[in-house]
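# Fold and contact review
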Amino acid sequence: YDVSNPENIQNRAIVTMSGDYLSARFIDGKLLVMSSQTIYEKNLCVEEKIDFSNEKNYLPCISDVNGDLETFAEDDILIPENTSRLCYTNVTVRDGETLESLGEKALFSHSTDAYVTKDRIYLTSVWAKMTEKSSSTVRDAMTDITCLKIGNGELTEEGVVTVRGYVKDQYSMDEHDGVLRVVT
């Protein structure tokens, strides 16, 4: 919205992304928005199965500035080796003035937090590692940290690292001189 004249607020553009709001940042003229989208086997109110004949019912979707809703491109959906829930963490980077897309990615995993720098997004996903020891099973909390690079006109996956334990929140991560420091 253009609020330069409070008596005449103007809608400049609207972009819609599937899921529930997770977080947003405005960095160097770029708007970054993240959402969490759960895929339910059954609707919470009605005993119905998902209609898989329409991919917009189970794949992440985003609209352009004209309101046309499309699913994320196949190359923009990242499938991690470890996942614990049927959900996506959706990320879009938009030009702060026009809301034109600079890239989007969907991580097929539940992200609890995101640490954002000027040119990177770190998304955390917690999962359980089960190990047989003697006569019992030991469950270790593990966290995958997926790094997305914010480039000029694109959003790319740089890599994934797994750490033992769980990352409490975004303040438990810090990037300094090209090194990601993590507290679990």
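Let us look at the structure shown here. (Residues numbered from 1 in each chain as written. Predicted model: local features only at pLDDT ≥ 70, side-chain atom pairs only at ≥ 80, totals over all residues. Heavy atoms only, no water.)

Judged by nonpolar contacts, the single largest core of 14 residues is most densely connected at Leu32, Met34, Val91, Ile121, Leu123, Leu148 and Leu155. Where this core is concerned, the elements lending two or more residues are β2 (30-38), β6 (87-95), β7 (101-107), β8 (111-116), β9 (120-133) and β10 (136-150). Those residues in contact with valine 91, other than ones at most four positions away along the chain, are Met17, Leu32, Val33, Met34, Phe72, Gly103, Glu104, Lys105, Ile121, Leu123, Leu148 and Leu155. The next biggest cluster of nonpolar side chains, apart from the first, holds nine residues, and it includes Ile62, Phe72, Tyr88 and Ala106. (Core = buried A, V, L, I, M, F, W, Y, C linked by side-chain atoms within 4.5 Å. Buried < 20%, exposed > 50% of the residue type's maximum accessible area, 1.4 Å probe, protein only. Helix = DSSP H or I, 4+ residues; strand = E, 2+ residues; numbered from the N terminus. Contact = heavy atoms within 4.5 Å.)

What follows concerns the sheet that holds β10. The strand order β8-β9-β10-β11 describes an open sheet built from four strands, whose pairing is antiparallel. Each of the sheet's edge strands pairs with one partner strand only, and the pair in question is β8 and β11 (155-164). On average, adjacent strands in this sheet sit at an angle of 30° to one another, irrespective of strand direction. The pairing of β8 with β9 spans four bridges and is antiparallel. Counted as the bridge partner of alanine 114 is leucine 123 from β9. (Pairing = 2+ DSSP bridges. Axes fitted to C-alpha atoms, helices over the stretch in contact; angles between N-to-C directions.)

We now examine the environment of valine 161. Inspection of the secondary structure puts valine 161 in strand β11. Spatially, the C-alpha atoms of valine 161 and cysteine 147 are 8.4 Å apart, while their sequence positions differ by 14 residues. Residue contacts for valine 161: discarding those within four places in its chain leaves Thr143, Asp144 and Ile145.

Okay, a nonpolar patch on the surface next. On the surface, Tyr1, Val3, Ile9 and Ile14 cluster together into a nonpolar patch covering about 440 Å² of accessible area. Looking at the secondary structure, you find tyrosine 1 in the segment before β1 (20-27). (Patch = residues over 30% accessible without salt bridge, like charges linked within 9 Å, V, L, I, M, F, W, Y side chains within 5 Å. Areas by Shrake-Rupley, 256 points an atom, 1.4 Å probe, with all protein chains shown as cover. Salt bridge = Lys/Arg side-chain N within 4 Å of Asp/Glu carboxyl O.)

So, about the sheet that holds β7. The strand order across the open sheet built from five strands is β1-β2-β6-β7-β5, with neighbouring strands paired in mixed fashion. Only two strands of the sheet have a single neighbouring strand rather than two, namely β1 and β5 (77-78). Across two bridges, β5 lies against β7 in parallel orientation. Bridging across to β7, leucine 78 finds its partner in leucine 107.

Moving on to unusual backbone geometry. Phi angles above zero are rare outside glycine, and aspartate 28 is one such case at about 50°. Considering the arrangement of structural elements, one finds aspartate 28 in the loop between β1 and β2. Residue class for aspartate 28 comes out exposed when judged on its relative accessible area of 54%. Although it is not a glycine, serine 134 adopts a positive phi angle of roughly 55°. Mapped onto the elements of the fold, serine 134 is located in the loop between β9 and β10.

Here the structure, examined in full by the defined rule, presents zero disulfides. Of all cysteine sulfurs, the one in cysteine 87 lies closest to cysteine 61, which takes part in no disulfide; the gap is 16 Å. With a relative accessible area of 1%, cysteine 87 lands in the buried category. (Disulfide = S-S within 2.5 Å.)

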